[in-house]
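Geometric and topological summary
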Amino acid sequence: MAFRQLYDQTSGKLYAVSLGMMKRRDLAEDAVQDAFVRIWHNAAEYRAEKGVVLTWMISIVRYRCLDLLRSSKARREHLTDGDLELADEPEDHDTPEGALNAGRARVRIDECLDELEDQQRHAIQLAYFRGMTHQEVCGQLDLPLGSVKSWIRRGLQQLKRCLE
Amino acid sequence: MTQQLSDRRLDTLAAEYVLGTLDAETRLKLQRLMMTSDRVRQAIWQWERDLNALGASLNDVPPSPQLWQRIEARLGLEDLPAGDLGSSDTDQFAARRLQQAATIRPWFWPAIAAMLALVVVSWSALRVMPQAPVQVAVIQDGAAQALWSVSLTDNNLVATSTRQVTSNPERDFELWLVAADGRAPVSLGLLPEAGQRQLTGGALLESIDSEVLAVSREPEGGSPTGQPTEVLYTAQLVNL
C-alpha cells in the first residue's frame with residue numbers, strides 16, 4: 001500500500017534527521033514513529049508542489065524532535081545519558097564541523113552557507129542538525145550568548161539573501 | 001499584529017522558528033499567527049523548504065525493522081491486505097491517502113454502524129426533507145464518537161451536529177470535498193456547532209466523482225487560504 005511505500009522511501013532519511021538531534025536510537029525512533037502517525041493523519045496538509053514531500057516530512061519529524069528535546073523530561077534524559085549510544089561513532093575533533101557534515105551530500109544551500117563566517121555557519125548547523133538551543137550552541141562554541149544569538153540571526157538573514 | 005511585523009523581522013522569526021531556536025513564548029505566538037496569517041505561513045513554509053534541504057542531504061540511516069510494526073500497530077493497519085492500492089509516487093501520496101482513508105481505516109465498519117444508528121436517531125429531522133437521503137457520511141473523532149452526520153439528497157447537502165461537538169467562538173470546522181481526480185480539496189462550507197445547517201456544494205458533490213469528505217479546524221469564519229488549515233477527520237459518503 002502507498003503508505004508502506006512512502007515509509008520505505010523516506011524512513012531512512014527521517015531517522016537520520018531524528019538521530020542527529022535525539023542522539024539515542026530509542027528516542028529517535030519514537031520521534032519518527034510520532035511523525036509518521038502525524039503524516040498519516042494530516043496528509044491533506046501537504047501542498048502538492050513537486051519535490052517537496054520529503055522536506056515537508058522532514059519538517060514534521062524535526063518539529064517533533066524539537067518538542068521532545070525542549071520538554072524537560074526528555075532534556076534530563078538527553079543530558080544524563082543521551083550521548084552514550086553514539087559515543088563510539090567517529091567524530092572528527094580537529095574540525096568539529098566535519099562530524100556534522102560527514103554523513104551527507106552537498107546541496108545548493110551549502111554554497112550559501114559557505115559564504116558565512118565559519119562560526120556563524122557552525123552555529124546554524126549545530127542548531128539545525130543537533131537541535132541545539134542558543135544556550136547549547138554558546139556552550140559548544142564557547143562564545144557569549146548575545147554573540148550566538150546575533151550571529152545566528154545575521155547568518156540566517158545573509159542566507160536568505162543568498163538563496164533568493 | 002502581523003501588520004506590525006516588518007518583512008525582515010517576520011522572515012528572521014520564521015527562520016528561527018524552523019531552525020528551532022525561538023524561545024517557547026515567541027514560538028507559541030508565531031504558531032497562533034500561522035493560523036490566521038497567510039503571510040506568516042508563507043514565510044515559514046519558505047524556510048522549511050530551504051532549511052530542510054539540509055536534512056534531505058543526510059545519508060539514510062535505516063531504523064530498526066520493528067519501527068514499521070509499531071507505526072502499523074498505532075494506526076491499526078496490520079490487517080490490511082497487501083495489494084496494488086497505492087502509488088509509488090510520493091507526490092501523489094497525500095491525495096491518494098485521503099481517497100483511501102475511509103475504506104482502509106479500521107473504524108470504517110464501526111462508522112457504518114454508527115451511521116445507521118444516527119439515521120434512526122435523526123429520522124425526525126430527516127423526514128421533513130422531500131426525499132430520503134441518497135448518500136450519508138458520519139464524521140467521527142479518534143475515539144470513534146460521532147460528531148456530525150452529512151446527508152446529500154438531490155443536490156441538497158445538510159450537516160447535523162451531535163452533542164459531542166463543543167462550541168468555541170475562536171474556531172470553526174470546515175467540510176471539504178476530496179475529489180477523485182486529484183484536484184485541491186473544495187470547501188463545502190462550515191459545519192454547524194449545534195443543530196442542523198444546509199451547506200453549499202450539494203450540486204458540486206453530485207457532479208464530481210468523490211466519496212471522501214474531510215473536516216478541518218479553521219480560524220473563525222473558515223479557511224483563510226481556501227485550503228484546509230488542519231485536517232482533523234475524514235469520512236466516506238455511502239449510498240443508502
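Residues numbered from 1 in each chain as written. Chains lettered and ligands numbered in written order. Predicted model: local features only at pLDDT ≥ 70, side-chain atom pairs only at ≥ 80, totals over all residues.

1. Topic: the overall build of chain B
Note the threshold: Numbering goes from the N terminus for both helices and strands, where a helix is a DSSP run of H or I of at least four residues and a strand is a run of E of at least two. Working definition of burial: number of other C-beta atoms within 10 Å of the residue's own, with buried at 20 or more, exposed at 12 or fewer, and partly exposed in between, all C-beta atoms being placed from the backbone. Placing C-beta atoms from the backbone, we regard two residues as in contact once those atoms come within 7 Å.
Assigned secondary structure in chain B consists of eight helices and nine strands. Scored against the burial criterion, the 240 residues of chain B give a buried share of 34%. Counting only contacts in chain B whose residues sit at least 6 apart along the sequence, the fraction spanning at least 24 positions is 62%.

2. Focus on the pairing of strand 3 (residues 156-161) of chain B
Residue and element names in this part refer to chain B. So the rule is basically this: At least two DSSP bridges between two strands are needed for those strands to be called paired.
Burial analysis of strand 3 places five of its six residues in the buried class, which makes it a mostly covered element. Pairing analysis gives six bridges linking strand 2 (residues 146-153) to strand 3, with the strands arranged antiparallel. In the strand pairing of strand 3, Trp148 is matched with Ser161. Joining the antiparallel neighbours strand 2 and strand 3 is a turn of two residues, in which Asp154 adopts a positive phi near 45°.

3. Some thoughts on the packing of helix 2 (residues 25-41) of chain A against helix 3 (residues 53-70) of chain A
Residues and elements named next belong to chain A. For the record, the criterion: Every axis corresponds to a line fitted to the C-alpha atoms, with the helix fit spanning only the stretch in contact, and the corresponding angles, defined between N-to-C directions, vary from 0 to 180 degrees. Geometric relationships in this document are graded by angle, where less than 35 degrees denotes roughly parallel, more than 145 denotes roughly antiparallel, 65 to 115 denotes roughly perpendicular, and other angles denote oblique. Rotating anticlockwise by less than a right angle from the far helix to the near helix defines a left-handed crossing, while the corresponding clockwise rotation defines a right-handed one. Throughout this entry, Asp, Glu, Lys and Arg are counted as charged residues, while Ala, Val, Leu, Ile, Met, Phe, Trp, Tyr, Cys and Pro are counted as nonpolar. The remaining residues, Gly among them, count as polar.
The N-to-C vectors of helix 2 and helix 3 enclose an angle of 130°; their axes lie 9 Å apart at closest approach. One finds that helix 2 runs oblique with respect to helix 3. Where helix 2 crosses over helix 3, the two elements pack in a sense that is right-handed. Counted together, Leu27, Ala31, Val32, Asp34, Ala35, Arg38 and Ile39 of helix 2 and Met57, Ile60, Val61, Arg64, Cys65 and Leu68 of helix 3 form the full contact between these two elements. Along the lines of polarity and charge, the residues of the contact of helix 2 with helix 3 split into 10 nonpolar, no polar and three charged.

4. A look at the confidence of the model for chain B
All names here are of chain B. We apply this condition: Per residue, pLDDT captures the predictor's confidence, and it can take any value from 0 to 100.
Taken over all residues, the pLDDT of chain B has a mean of 74, while the share at 70 or more is 70%. At the low end of the mean pLDDT range in chain B sits helix 7 (residues 123-126), at 38; at the high end sits helix 1 (residues 7-19), at 94. Scored below 50 in pLDDT, residues 80-91 makes 20 contacts in the model with residues more than four places away or belonging to other chains. Here residues 101-131 is a poorly scored stretch, pLDDT under 50, and it has 39 contacts once near neighbours within four places are set aside; other chains count. Complex prediction metrics read pTM 0.60 and ipTM 0.87.

5. Overview of unusual backbone geometry
Residue and element names in this part refer to chain A. Positive phi outside glycine occurs at Lys23, with the angle close to 70°. By secondary structure assignment, the location of Lys23 is in the loop between helix 1 (2-22) and helix 2. What makes Lys23 buried here is the crowd of 21 C-beta atoms within 10 Å. Although it is not a glycine, Asp142 sits at a positive phi angle of roughly 55°. By the element assignment, Asp142 lies in the loop between helix 8 (134-141) and helix 9 (145-163).

6. Overview of the pairing of strand 4 (residues 171-178) of chain B
Residue and element names in this part refer to chain B. For strand 4, the tally of buried residues reaches six of eight residues, placing the bulk of the element in the interior. Of the pairings in the sheet, the one linking strand 4 to strand 7 (residues 212-219) comprises eight bridges and is antiparallel in character. Directly across from Leu177, in strand 7, lies its bridge partner Leu213. Of the pairings in the sheet, the one linking strand 4 to strand 5 (residues 186-190) comprises four bridges and is antiparallel in character. Of the residues in strand 5, the one forming a bridge with Trp176 is Ser187.

7. Things to note about the sheet that holds strand 8 (residues 230-236) of chain B
Residues and elements named next belong to chain B. Pairing within the open sheet is antiparallel, and its four strands lie in the order 5-4-7-8. What marks the edges here is a single partner per strand, and that holds for strand 5 and strand 8. Neighbouring strand axes in the sheet, compared pairwise and without regard to direction, differ in orientation by 30° on average. Bridge count between strand 7 and strand 8: six bridges; the pairing is antiparallel.

8. Let's talk about helix 1 of chain A
Residue and element names in this part refer to chain A. The test is simple: One less than the residue count of a helix, multiplied by 1.5 Å, gives the span that helix is expected to have. Bending is quantified residue by residue as the angle between axes fitted to the seven-residue window ending at that residue and the seven-residue window starting at it.
With 21 residues, helix 1 extends 28 Å from end C-alpha to end C-alpha; this agrees with the ideal 30 Å at 1.5 Å per step. A bend of about 50° at Thr10 is the largest found in helix 1. Counting buried residues in helix 1 gives 16 out of 21 residues, a clear majority hidden from the surface. The first or second residue beyond helix 1 is Lys23, which carries a positive phi of 70°.

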